[in-house]
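Survey of secondary and tertiary structure
Listed here are the chains, written in short residue letters.
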Amino acid sequence: MRLFVKPFTVHKRFALTIARGTTAATTNLWLRVLQDGIEGWGEASPFAIAAEEGQTTAQLLAQVEALIPVLEPLHPWERQRIEAILQEFGASSAVRAGIDTAIHDWLGKRANLPLWRLWGLDRNRIGPISVTVGIGTPEQAKERTRNWLKILNASLIKVKLGNPDGIECDRAMLLAVREAAHQAQLTVDANGGWSLADARKMCQWLAGQGVLYVEQPLPAGEEEKLAELSAPLPIFVDESCWKSADIPRLAPWVQGVNLKLMKAGGLTEIQRAIGVARVLGLQVMFGCYSDSSLANSAMLQLGSLADYLDLDSHLNLQDDPFSGWQLENNRLLPGELPGLGITLREDFLDF
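In this report, the structure presented in the accompanying data block is examined. Quick caveat: nothing in here was measured; it's all calculated off a predicted structure.

Cut-offs used in this document
- Residues numbered from 1 in each chain as written.
- Predicted model: local features only at pLDDT ≥ 70, side-chain atom pairs only at ≥ 80, totals over all residues.
- Heavy atoms only, no water.
- Helix = DSSP H or I, 4+ residues; strand = E, 2+ residues; numbered from the N terminus.
- Polar contact = N/O pair within 3.5 Å; in protein donor to acceptor, adjacent residues only side chain to side chain.
- Contact = heavy atoms within 4.5 Å.
- Buried < 20%, exposed > 50% of the residue type's maximum accessible area, 1.4 Å probe, protein only.
- Pairing = 2+ DSSP bridges.
- Axes fitted to C-alpha atoms, helices over the stretch in contact; angles between N-to-C directions.

Here we take up the side chain of lysine 158. Assignment of secondary structure puts lysine 158 in strand E5 (residues 156-160). In this structure the side chain of lysine 158 is engaged in a polar contact, spanning 2.8 Å, whose partner is the side chain of glutamate 215. In contact with lysine 158, not counting residues within four places along its chain, are Ser130, Val131, Thr132, Val133, Thr187, Asp189, Glu215, Asn258, Met285 and Asp310.

Structure below.
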């Protein structure tokens, strides 16, 4: 097979601020696998959970370029061998995600079926997506909520908390979003921005505000403190949970896990993680980083297996090169085209 890689930069309409910082643009990688006249596409996006665990665009690109001569003698059918080579190479999770996704896209196109059909899934069971409001002043939060509601009549809004200025700022911002959100239900993601003491206070308060769940109340690396949280509402973990092997140790203290393509390392590992979570009685959320429609549509192929979908990053991009998903009644749905069902937008055909 032939492998190709091309960096592309996407810019957010509205910069997103979370407990760890602000993102306005990212440079992602478009990976293409060519075999037997069929081309499969994947995406590798940079992200950072902590400074020492960041995966930068330059690092991802260097890894892909080093892997090309190693992988090209193989055929996309040889998924087990490819996965073993990526593990032996020490490929970062985002690189593995991009290659694995491209191979899955190739397989779907080879079968001439969208992946959700190939896997026997029912896209009618896909629930509504949530949209995200980043950290800001109460007025900024209101304005961002109103801007989202101009795009779609969102029934779920994720509010990013963990403001460095303290939990009183978090409370003021949540109330501001509620005021602007009409009938939408609210969820909260602290991105590890609270201490145990603040997390206890906020979870009690948020339960009284009718928030559905809280995501990552404590920093990654402090998982043992989750046992002391005793939260009165469901707790999901994101930064603490990368892949299927992480889930069993977290299961006693949480009610759900946030699975992301770039953390897990591809659709193959996402499927494993869903199975482990379900066996352990946990709920499943799908999330994203600064991903385009390409990566989010890959996750969407498995969307009927998730309880919550936080796949909204592409809706906040000014210059997403890809299209193919459908938006119906606040639900993001995969299409009928084979593989991921993704094409280049007309204004990006020379991209």
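What follows continues from the structure just given.
We now examine unusual backbone geometry. If you check the backbone angles, aspartate 36 has positive phi at about 55° while not being a glycine. Along the chain, aspartate 36 turns up in the loop between strand E2 (21-35) and strand E3 (38-44). On the basis of relative accessible area, aspartate 36 is assigned to the exposed category, the value being 54%. Residues other than glycine seldom take positive phi values, yet asparagine 330 does so here, at roughly 70°. Here asparagine 330 is to be found in the loop between strand E13 (326-328) and strand E14 (331-333). On the accessibility criterion, asparagine 330 (15% relative accessible area) is buried.

Let us now look at the sheet that holds E3. Taken together, three strands build an open sheet; the order of strands is E1-E2-E3 and the sheet is antiparallel. The sheet terminates laterally at strand E1 (2-18) and E3, the two strands that pair on one side only. When the angles between neighbouring strand axes are averaged without regard to direction, this sheet yields 20°. In the sheet, E1 pairs with E2 via 13 bridges, with the strands oriented antiparallel. Within E2, the residue paired with leucine 3 across the bridge is valine 33.

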